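Analysis of the macromolecular model
Next come the chains, spelled out residue by residue.
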Amino acid sequence: MTHAHVTAPTQYVQASGIRFAYRRFGQDKGVPLVLMPHYRAGMDHWDPAVTDGLAASRPVILFDNAGIAASSGKAPNTMEEMADHAADFVGALGLSLIDVLGFSIGGYIAQTFALRHPDMVRRLMLVGTGPRGGEPASDPNIRKWADLTDAQTGESPLESFLYLFFRPSEPSQAAGKAFWDRRHLRKNDVDPPSSSQAMAAQTAAIIAWREVRGERYAELSEITQPTLVVNGSHDLMVPTINAYNLSQQIPRAQLIIYPDSGHGSLFQFPELFVAHGRMFLDGSI
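Computed from a predicted structure; not experimentally measured.

The next subject is the overall build of the protein. When helices and strands are counted, the protein shows 10 helices and 8 strands. Taken over the C-alpha atoms alone, the protein extends approximately 45 × 45 × 40 Å along its principal axes. Counting every position in the protein, which comprises 285 residues, the buried fraction comes to 55%. Considering only contacts within the protein whose residues lie at least 6 apart along the sequence, 74% involve residues at least 24 apart. Element-wise, carbon and sulfur atoms account for 52% of the exposed surface of the protein, whose accessible area totals about 11600 Å².

Set out below in structure tokens:
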């Protein structure tokens, strides 16, 4: 494959009544890495420095799940349904084994995917995320800033991303602005914004995810794949203690915390994250 993040054409595949939008780029050989993004996000919300860095040594697949951005259907309101839709998408591509990177709510879906479809997952990367029934956010401004990330409001969401994903320090804010510029390098064939229905469904799924089911964190012991957990040192959205809890409860997990960073630590330190990610996916760490 010769395409990169900003040039990979949007393709479509049909599965279980859903027309899934996706982009595949990077190397032809290797276990494909499927990325699952944050709340309401589509393919254009990823950082090209991250996706192209990972694609230098493997195939990378971005996709819009059911009801998100350019994919058809309605977004479901449970992580289980989202994970099953993702499995339908992967199956429709003819893939039997993948690596998975889940960021934020994408990390919730990735955990559920690994639990419900374990034979499809070789290695798992969980970034800026937490377990079911994890520790909740305490910042009272999160709801306001999260709503402003919606491009349909007519307001620039840059300030909200800088607040939610990065630290107030000068280096972190500068890294956030650089990420924002990279994120908007793709000018053609871009995703439409996700609908208000998708926003409501994902909000309901997140609320349900916060509820404890049975013994707290017990299901994490059933995730048997090697797992890399990554977070920033001060995550407002999904408090950093959740990353520690994931690493303690998933049997084959290891944890990396980046300094002076928040929810978007992988976007603040893209080169470092890519280096760690490639070592993990290659089995070096």
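The pairing of strands in a sheet happens through backbone hydrogen bonds and is either parallel or antiparallel. With mixed pairing, 8 strands are arranged side by side in an open sheet as 1-2-4-3-5-6-7-8. Pairing within the sheet leaves two strands with one partner each, and these edge strands are strand 1 (11–15) and strand 8 (253–258). Taking the axes of each pair of neighbouring strands and ignoring which way they run, one obtains an average angle of 25 degrees across the sheet. Judged from the 5 bridges that link them, strand 5 (residues 98–103) and strand 6 (residues 121–127) form a sheet pairing that is parallel. When the bridges of strand 6 are listed, Gly102 appears paired with Leu126. Contacts from helix 10 (residues 270–281) reach strand 3 (33–36), strand 5, strand 6, strand 7 (227–232) and strand 8, with the element oriented near 155 degrees to strand 6.

Moving on: the pairing of strand 6. The buried count for strand 6 comes to 6 of 7 residues, which makes it a mostly enclosed element. In this region the chain leaves strand 5, passes through helix 3 (residues 105–116) and returns to the parallel neighbour strand 6; the handedness of that crossover is right-handed. As defined by bridge partners, strand 6 adjoins strand 7 across 4 bridges and the pair is classed as parallel. When the sheet's bridge partners are listed, Val127 is paired in strand 7 with Val230.

Membership of the largest hydrophobic core comes to 42 residues, with the highest contact counts inside it found for Phe20, Met36, Phe63, Met79, Phe89, Val100 and Phe113. When residues in this core are grouped by element, the largest group, 7 residues, is from helix 2 (residues 79–92). Other than its neighbours up to four places away in sequence, Met79 contacts Ile105, Tyr108, Ile109, Thr112, Ala205, Ile206 and Trp209. Residues Met125, Ile142, Leu228 and Val274 belong to the second largest nonpolar core, which totals 36 residues.

Moving on, we come to the environment of Asp282. Secondary-structure assignment places Asp282 in the segment after helix 10. Residues Asp282 and Arg58, 224 residues apart in the sequence, show an inter-C-alpha distance of 9.9 Å.

For the rest of this paragraph, the subject is the packing of aromatic side chains. Per the stated rule, a full pass over the model turns up 12 aromatic pairs. With centroids separated by 5.6 Å and ring planes inclined at 50 degrees, the aromatic side chains of Phe20 and Phe89 adopt a geometry described as tilted. Of this pair, Phe20 sits in strand 2 (residues 18–26) while Phe89 sits in helix 2, placing them 69 residues apart in sequence. For the cation-ring pair, Arg123 lies above Phe280, with the distance from its terminal atom to the ring centre recorded as 4.9 Å.

Right, let's talk about helix 8 (residues 241–249) for a bit. Among the residues of helix 8, Asn242, Ala243, Asn245, Leu246 and Ser247 are the ones counted as buried. Those residues of helix 8 that are buried lie in contact with helix 3, strand 6, strand 7 and strand 8.

Look at helix 3 against helix 7 (residues 196–209): their axes get within 11 Å of each other, and the N-to-C directions meet at 65 degrees. Here helix 3 and helix 7 pass one another in a crossing that is left-handed. Along the contact surface, helix 3 presents Ile105, Tyr108, Gln111 and Thr112, while helix 7 presents Gln202, Ile206 and Trp209.

Moving on, we get to the pattern of salt bridges. A side chain of one charge can pair with a side chain of the opposite charge when the charged atoms of the two come close. In this structure the tally under the stated criterion is 11 salt bridges. Here Glu219 and Arg132 are joined by a salt bridge, their closest N and O atoms 3.1 Å apart. Of this pair, Glu219 sits in the loop between helix 7 and strand 7 while Arg132 sits in the loop between strand 6 and helix 4 (142–147), and the two are 87 residues apart along the sequence. The class of Glu219 is partly exposed, set by a relative accessible area of 24%. When salt bridges that share partners are traced, they join Arg23, Asp44, Arg186 and Asp189 into one network.

Cut-offs applied
Residues numbered from 1 in each chain as written. Predicted model: local features only at pLDDT ≥ 70, side-chain atom pairs only at ≥ 80, totals over all residues. Heavy atoms only, no water. Helix = DSSP H or I, 4+ residues; strand = E, 2+ residues; numbered from the N terminus. Buried < 20%, exposed > 50% of the residue type's maximum accessible area, 1.4 Å probe, protein only. Contact = heavy atoms within 4.5 Å. Areas by Shrake-Rupley, 256 points an atom, 1.4 Å probe, with all protein chains shown as cover. Pairing = 2+ DSSP bridges. Axes fitted to C-alpha atoms, helices over the stretch in contact; angles between N-to-C directions. Right-handed = clockwise from strand over helix to strand, strands pointing away. Core = buried A, V, L, I, M, F, W, Y, C linked by side-chain atoms within 4.5 Å. Phe/Tyr/Trp six-rings, centres within 6.5 Å; stacked < 30°, edge-to-face > 60°. Lys NZ or Arg CZ within 6 Å of the ring centre and 35° of its normal. Left-handed = near helix turned anticlockwise from the far one by under 90°. Salt bridge = Lys/Arg side-chain N within 4 Å of Asp/Glu carboxyl O.

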